[in-house]
Amino acid sequence: MIKRIQNKVAESRFTLPAVAVYGGIIWLLCGLFPQQWWLQFALFAVSTYLMVELNNSNVLIRIYSRSVSAAYIILSCVACFLFPSLKGAFVQLCFIASLLTLFRSYQDRESVGLTFYTFVFLSLSSLVEVHTLWFIPCYWIMMMFFIFTLTGRTFLASLLGILLPYWGLFAWILWRYEGDFTPLWEHFAPLGDFQFPFDFTVSALPHFLTFVFLVGLFATGLIHYLRTSFHDKIRVRQIYYSLAFIDIVAMVFLLIQPQHEDLMLRVIIITTSPIIGHFIALTRTWITNIAFFVILGIALLLTIYNLWSSSFIF
């Protein structure tokens, strides 16, 4: 079997450490030291570890490869303008954790505990970015059609998971504001804030170019996966279909409400990384080898452009 450069890179044990060093350099160039983004960087590091665990625990790539987590680091560095947001880094971490617990419950209709934790993570992220709640119906759909865990008990567990962080918030408001729940209503008010017609002027050029690049990667990876998914186990297929579903939902949300592009870009990066990682690790033609170099080249150029546009150093 021919091993091209893309396969050697995807299967190498040095790929993830090398990409991690690259990611650290991008963080430094973007302003890690002068801006003191230590907590954001720590959350990014933990998120990367969870992406490694997401790949390992679900065997997303049927050969040894760190392409999923490497792709996550590279795509996160492309969107380096997202680095300063502490809230965004926390949401990204919680979203990955929710996917990790959701996929572990595959076909276990008694997985009340895992379902509870899945929605606790989603709810925690909504405390800092309330629009994360938009994805709750999507998770129920995945549980019904892809993960096969939706029952009366797991649905109730999901509701309890959603409510738990807000019970804590309710108690804090009761103590801090002495029964004035105006802050709670103000927290949920943005959920109904839709802009019509859609205002695409809020999207800066670096954000737009990054979105177009991610859409191209998603389309490339999805076409490949749909053509070759029969090689994977049914469980792995359902996980990839779930990721593709969330990816499409996030893209549609971004297109119809571009003011929430920071949140949606983070979700798209999370769900696109396994899909394009599968493409890079498991294709072996000379055309895909060229595509591998093209993807890396565009990612590097786009990272440099976004770094120049958003860095506090340059």
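The coordinates are above.
Bear in mind the structure is a predicted one, so any value in this text is a computation, not a measurement.

1. Some points on the environment of alanine 157
Turning to step 1, where the next piece is worked out: Looking at where alanine 157 falls in the secondary structure, it is placed in helix H9 (residues 152-176).
Turning to step 2, where the next piece is worked out: Separated by 46 residues in the primary sequence, alanine 157 and serine 111 place their C-alpha atoms 9.2 Å from one another.
Turning to step 3, where the next piece is worked out: The residues contacting alanine 157, other than those within four sequence positions of it, are Val112, Thr115 and Phe116.

2. Observations concerning the pattern of salt bridges
Turning to step 1, where the next piece is worked out: Applying the stated criterion to the full structure yields 5 salt bridges.
Turning to step 2, where the next piece is worked out: Here glutamate 53 and arginine 104 are joined by a salt bridge, their closest N and O atoms 3.1 Å apart. With glutamate 53 in helix H4 (residues 38-58) and arginine 104 in helix H6 (residues 86-104), this pair connects stretches of sequence that are 51 residues apart.
Turning to step 3, where the next piece is worked out: The class for glutamate 53 is partly exposed, based on a relative accessible area of 21%.
Turning to step 4, where the next piece is worked out: Judged by relative accessible area, which is 44%, arginine 104 ranks as partly exposed.
Turning to step 5, where the next piece is worked out: Aspartate 232 is paired through a salt bridge with arginine 62; the nearest N and O atoms lie 2.8 Å apart. Of the two residues, aspartate 232 sits in the loop between helix H11 (205-228) and helix H12 (234-256) while arginine 62 sits in the loop between H4 and helix H5 (67-78), which places them 170 residues apart along the sequence.
Turning to step 6, where the next piece is worked out: Among the ionic contacts, a cluster of salt bridges with common partners joins Lys3, Glu11 and Arg284.

3. Some words on the packing of H5 against helix H14 (residues 286-310)
Turning to step 1, where the next piece is worked out: It is at 8 Å that the axes of H5 and H14 come closest, and there the two elements cross at 35 degrees. Together, Ile74, Cys77 and Val78 of H5 and Leu296, Ala299, Leu302, Thr303 and Asn306 of H14 make up the contact between the two elements.

4. Side note on a nonpolar patch on the surface
Turning to step 1, where the next piece is worked out: A cluster of nonpolar side chains, Phe155, Leu156, Leu159, Leu160, Leu163, Leu164 and Trp167, forms an exposed patch at the surface whose accessible area comes to about 600 Å².
Turning to step 2, where the next piece is worked out: Position of leucine 160 relative to the elements: it lies in helix H9.

The rules we used
Residues numbered from 1 in each chain as written. Predicted model: local features only at pLDDT ≥ 70, side-chain atom pairs only at ≥ 80, totals over all residues. Heavy atoms only, no water. Helix = DSSP H or I, 4+ residues; strand = E, 2+ residues; numbered from the N terminus. Contact = heavy atoms within 4.5 Å. Salt bridge = Lys/Arg side-chain N within 4 Å of Asp/Glu carboxyl O. Buried < 20%, exposed > 50% of the residue type's maximum accessible area, 1.4 Å probe, protein only. Axes fitted to C-alpha atoms, helices over the stretch in contact; angles between N-to-C directions. Patch = residues over 30% accessible without salt bridge, like charges linked within 9 Å, V, L, I, M, F, W, Y side chains within 5 Å. Areas by Shrake-Rupley, 256 points an atom, 1.4 Å probe, with all protein chains shown as cover.

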